[in-house]
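Take a look at the letters that make up each chain.
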Amino acid sequence: MKRFKTTALTVMFLVLTLTVLVITLFREKGSISYQENRVLAGRPSFSVEAAVNGDITRDFGSYITDHFAGRSYLLKLKGVIEINVGERMINGVYISSDRLLSANNLKNVSTEGFTEAVNTFSDNYEGTVYFTALPTSTGVYGEMLPEYLNTGAEKQRIDSLYGDLGDKVRRIDAYSILKMLNDNYIFYRNDTKWTSYGAYCVYRTVIQKLGFSPIAYDRFTIEHVTGDFRGNLYNRSQYTGIKADMLDIYEYRRGTEIVSCKSYDNSGAAHDAKLYDKSFIGTNDMYRLYLGEKTLMLRINTGLNNDKKLLVIKDDYANCFVPFLTQHYSEICVISPDMLTSDLSKLLNVNEYEQTLFLFGIENISDELNMQLLNR
Amino acid sequence: MEFSSLLFIYAFFPIALLLYQFIPKAHRNSFLLLESTVFCGLIGAGYLLFTTLIVLMNYIFGILTANVRNKPCRRITAAAFIAANAAAAIIFTNGMHVSDLLRSVLRPVGVCFMTLGAIGYIYDVCEKKVAAEKNIMNLALYFMLFTKLPMGPLIGYGSFSRQLIGRCSSIERIGEGIELFIIGLAKKVIFADSIYPLFFAVNTLDVKQISALSAWLGSTGYVLCLYFTLSGYSDMGAGLSRCFGFTLPRSFRYPCVSIGMNSFCRSWHIPVVRRFEEMIASPLHRSRASNAVKNAAFIACWGIIGLWYSFRASLFVWGIIIGTSAVIERYLVDRKALKATSLIYTSVIIIVSAVFFFGGTMSYSLHYLFAMIGGNNNIADGVSFYLLKSYALVLLISIYASTDLFRNLILRSKKRTFKNIADAVSPIIMTAILMICTALISSSGSSGSMLGIL
């Protein structure tokens, strides 16, 4: 009996592992994962340095891991196990009764270089600089987390960031607005980001600070584009027990038209772009509905002739926010600093714009953003 | 490359095992050394260089030591070589913080086990327990054998070199080895990784505010996590070694539920503890030293075991507490003491002393101890009830799994048919456990040791 047992196990083990290995190595490989919405590791390339410090093994490990046979099923199984063992948490995502919340979205990063770059920008800038840092759903719905995870760290991070900004920068407090309105659908249930309605609520305040009067909510026609949106928290946890989210388009029919909308890459080449790109609906990255493909610079010209020009420096949080601004400016230029690889001055003269708005989610603010390039 | 990574389980190990079967017996040791060299090289070429240096160094040390005829002189020589090995390990593990270049090249894999193996080898050569190895390939295999490189289990050079010559490798041993490997993997990936968040949660709280209940939960979680991590890695190491024909000693004999501190000392990380005792405490036992000296040596030995885990003052304190309580127990506790009483005080000592194991600094550990006795004026709060509710089941199952109850259930069953059924379904159960472990590491691809020791 013992011989049967050991032989069976040996054969099963070798057949299983080697079959999985062969399938993993030779199956057709995509470059992105639909469920996880991220770029998968590519085939590692050999370099002497990587061989000396062992990075090549790590890269090959990630390659095997990302393309592992049956990965999506294994992740589902992992989710089922993790949610039933210990806390209701999968991969750092806490599952509350009606939404997913990130339990560890604020990494312990330095933001000094970031604030320094914003301050240098405002010192060299002739117009006015406005700054808004947005909380994530964890910052606004923290009380849904277990007590020990509800640390208020986002509020603290925003406060200290605002404290580090220079006197010339006008800060706009979005946190209090969102916190106050948290009975409404202002944050996605499956994503850390705010919804279009959340963006509208903050827009009302921001646009007043920028010197305009906001457009009333009932003037907008709201189109529910999809009800199947699952965002980055779903990508991390693969948990489908929470209702999927809605992506809305706010349209002001009597407002001004968009005359042109062009996106630019680092080389300066222009492509046609749209404020809302419905071709992303049904893909793995539906959030790209807002402002379309991720791009370095987007220049939007409207039918208004008021000669008002605005520069927006932003991350993904601003994507659903920018359309609201188009009703007030003749030209808006939107810059994503994380896409910037060369000096900004090569692309445009910032002083052509009399106002600059920095709009970032607090989870994305770190020195990794390369903000120094804005000032060169 | 972690044992508990997809790359190892699904690529390196099965390929290494399969290729090994096709090698004629006479060349198997050389081939195993080749595989181990590849393993080290995959960790990093810089790391391979480091292990090669350790092998060369101790090869020369061994021959030099053996050639000193005069016993006291030989001991002095050996002591110097042992110090050199210890210094190399301390520089290696702490040098990572000093220079970026070193950090990019060095990988702290198995340094503690390699050093202890080297020290033990020099000691054995000095005491004439083994002859100095003339064949550098054999010594290289002792240090670099990939199945025991990262986390042991530790084995003396004498018994290892005997296995180099005559060891049988049959499909039964491979099956046993794979079974042990999967059990070890489950200990690490299923148990240790499930309890770790409990400890982590308590550890993120402010130590000056945590409630007594949280503190006890955190420390208990840590003890279990530590046991399942160390014992899991040891089982994986022993299992893999068995696949290649080596029989390595068992590392843990259910220490978490020990009846008495001395029993804990005898069942915790057995090969490591024995090695230290053999070198530090045993020589005194054979001499005519007084009991006080012997006891002091025993306690000091445990202090050094603590330092071996990680070179920090608080770990030295951990070892001293374990050693001292075992000595006190010998004098104070009546042999006829109730099993339950012994069980309770032993568990309490283990859980309390663990505070020094995980505390980064002495002041943190002391604050934590203060919290455990309710010093923060907080016996239990919302956080602790939440953690208790979330982890009660995990803790209970882990505690059960850390005892020998389940094993005995199978072993003691008198009915042959029951045993046969258990044997028949065991390959399926093992494969299922492997799949669960695979699922649990599928998102990041590996599950590293999170405890920051060894």
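About the thresholds
- Residues numbered from 1 in each chain as written.
- Chains lettered and ligands numbered in written order.
- Predicted model: local features only at pLDDT ≥ 70, side-chain atom pairs only at ≥ 80, totals over all residues.
- Helix = DSSP H or I, 4+ residues; strand = E, 2+ residues; numbered from the N terminus.
- Buried ≥ 20, exposed ≤ 12 C-beta atoms within 10 Å, placed from the backbone.
- Contact = placed C-beta atoms within 7 Å.
- Pairing = 2+ DSSP bridges.
- Domains from an automatic or database assignment.
- Nonpolar A, V, L, I, M, F, W, Y, C, P; charged D, E, K, R; others polar.
- Core = buried A, V, L, I, M, F, W, Y, C linked by C-beta atoms within 7 Å.
- pLDDT = per-residue confidence, 0-100.
- Axes fitted to C-alpha atoms, helices over the stretch in contact; angles between N-to-C directions.
- Left-handed = near helix turned anticlockwise from the far one by under 90°.
- Parallel < 35°, antiparallel > 145°, perpendicular 65-115°, else oblique.
- Expected span 1.5 Å × (residues − 1).

**Brief notes about the overall build of chain A**
Right, so step 1: A count of helices and strands for chain A gives 11 helices and 15 strands.
Right, so step 2: Overall, the C-alpha framework of chain A stretches about 90 × 50 × 40 Å when taken along its three principal axes.
Right, so step 3: Buried positions account for 41% of the 376 residues belonging to chain A.
Right, so step 4: Contacts in chain A between residues at least 24 apart in sequence constitute 72% of all its contacts with a sequence separation of at least 6.

**Comments concerning the sheet that holds strand 3 (residues 89–90) of chain A**
Right, so step 1: Read from one edge of the open sheet, three strands run 3-4-5 (chain A), paired in antiparallel fashion. Single-partner strands in this sheet number two, and they are strand 3 and strand 5 (100–102) of chain A.

**Overview of the domain arrangement of chain B**
Residues and elements named next belong to chain B.
Right, so step 1: Along its sequence, chain B is carved into domain 1 (6–167) and domain 2 (175–260 + 333–441).
Right, so step 2: Taking only C-alpha atoms, the centre of domain 1 and the centre of domain 2 are 30 Å apart.
Right, so step 3: By residue number, the principal contributor to the side of domain 1 that touches domain 2 is helix 1 (residues 6–21), which donates four residues.
Right, so step 4: For the side of domain 1 that touches domain 2, the class distribution of residues is nine nonpolar, three polar and two charged.

**Thoughts on the nonpolar core**
Right, so step 1: Ranked by size, the top nonpolar core spans 234 residues in total, and within it A:V118, A:V312, A:I332, A:F358, B:I122, B:V223 and B:C225 carry the most contacts.
Right, so step 2: Once residues within four sequence positions are removed from consideration, A:V118 is found in contact with A:F131, A:L165, A:V169, A:F358 and A:M371.

**Side note on the domain arrangement of chain A**
Residue and element names in this part refer to chain A.
Right, so step 1: On domain assignment, one finds that chain A holds domain 1 (20–69) and domain 2 (100–375).
Right, so step 2: Averaged C-alpha coordinates put domain 1 and domain 2 at centres separated by 33 Å.
Right, so step 3: Counting residues at the interface gives six residues for domain 1 and four residues for domain 2.

**Considering the interface of chain B and chain A**
Interface extent is often summarised as the accessible area lost during association of the parts.
Right, so step 1: In this assembly, 51 residues from chain B lie in contact with 41 residues from chain A.
Right, so step 2: Listed by contribution, the elements that provide at least two residues to the side of chain B that touches chain A are helix 1, helix 2 (28–43), helix 3 (45–67), helix 5 (100–105), helix 9 (171–204), helix 18 (382–401) and helix 20 (416–441) of chain B.
Right, so step 3: It is helix 9 of chain B that contributes the most residues to the side of chain B that touches chain A, 12 residues altogether.
Right, so step 4: Split into classes, the residues belonging to the side of chain B that touches chain A amount to 29 nonpolar, 17 polar and five charged.

**Side note on unusual backbone geometry**
Right, so step 1: In this model, A:Q238 sits at a positive phi of 60°, which is unusual for a non-glycine residue.
Right, so step 2: One can find A:Q238 in the loop between helix 10 (232–237) and strand 9 (245–251).

**What to know about the pairing of strand 15 (residues 355–361) of chain A**
All names here are of chain A.
Right, so step 1: Across the seven residues that make up strand 15, a large majority, seven, are buried.
Right, so step 2: With burial as the criterion, each face of strand 15 is covered, one bearing Q355, L357, L359 and G361 and the other bearing T356, F358 and F360.
Right, so step 3: Relative to strand 15, strand 13 (residues 309–314) runs parallel, the two being bridged by five bridges. Each residue of the ladder has a partner; that of L311, found in strand 15, is T356.

**Observations concerning the confidence of the model for chain B**
Right, so step 1: Per-chain confidence: chain B averages 89 in pLDDT, with 96% of residues scoring 70 or above.
Right, so step 2: Predicted as a complex, the structure gets a pTM of 0.86 and an ipTM equal to 0.89.

**Observations concerning the packing of helix 14 (residues 291–309) of chain B against helix 15 (residues 313–332) of chain B**
Residues and elements named next belong to chain B.
Right, so step 1: Where helix 14 contacts helix 15, the axes come no closer than 7 Å and their chain directions differ by 145°. Two packed elements cross with a definite hand, and for helix 14 against helix 15 that hand is right-handed. Facing N295, F298, I299, C301, W302, G303, I304, I305, G306, L307 and Y309 of helix 14, the residues of helix 15 in contact are L315, F316, W318, G319, I320, I322, G323, T324 and V327.
Right, so step 2: The residue makeup of the contact of helix 14 with helix 15, split by class, is 14 nonpolar, six polar and no charged.

**Remarks on the sheet that holds strand 15 of chain A**
All names here are of chain A.
Right, so step 1: Reading across the sheet, the eight strands line up as 7-6-15-13-14-12-10-11 and stay open at both edges, with mixed pairing between neighbours. At either margin of the open sheet sits one strand with a lone partner, and together these are strand 7 (169–171) and strand 11 (270–272). For this sheet, the mean angle separating the axes of adjacent strands, direction not counted, is 25°.

**Some remarks on the environment of B:L33**
All names here are of chain B.
Right, so step 1: For L33, the location among the structural elements is in helix 2.
Right, so step 2: When the C-alpha positions of L33 and N138 are compared, they lie 8.7 Å apart, and in sequence the two are 105 residues distant.
Right, so step 3: Not counting the four nearest positions on each side in its chain, L33 is found in contact with M137, A140, L141 and M144.

**A closer look at the packing of helix 3 (residues 55–66) of chain A against helix 1 of chain B**
Right, so step 1: The geometry of helix 3 of chain A relative to helix 1 of chain B is characterised by a closest axis approach of 9 Å and an angle of 95° between their N-to-C directions. As summarised for this structure, helix 3 of chain A and helix 1 of chain B are arranged roughly perpendicular, according to the angle between their axes. Touching A:F60, A:G61, A:I64 and A:T65 of helix 3 of chain A are B:L6, B:L7 and B:A11, all from helix 1 of chain B.
Right, so step 2: Looking at the contact of helix 3 of chain A with helix 1 of chain B residue by residue, the classes come out as five nonpolar, two polar and no charged.

**A few points about helix 18 of chain B**
Residue and element names in this part refer to chain B.
Right, so step 1: An ideal rise of 1.5 Å per residue puts 28 Å on 20 residues; helix 18 measures up with 28 Å between its terminal C-alpha atoms.
Right, so step 2: Here helix 18 has its buried residues at V383, S384, L387, Y391, L395 and S398.
Right, so step 3: Those residues of helix 18 hidden inside the fold are in contact with helix 9 and helix 10 (212–243).

**Comments concerning the environment of B:G44**
All names here are of chain B.
Right, so step 1: Secondary-structure assignment places G44 in the loop between helix 2 and helix 3.
Right, so step 2: Given 25 C-beta atoms within a 10 Å radius, G44 is considered buried.
Right, so step 3: C-alpha of G44 to C-alpha of S169: the two residues are 125 residues apart in sequence and 30 Å apart in space.

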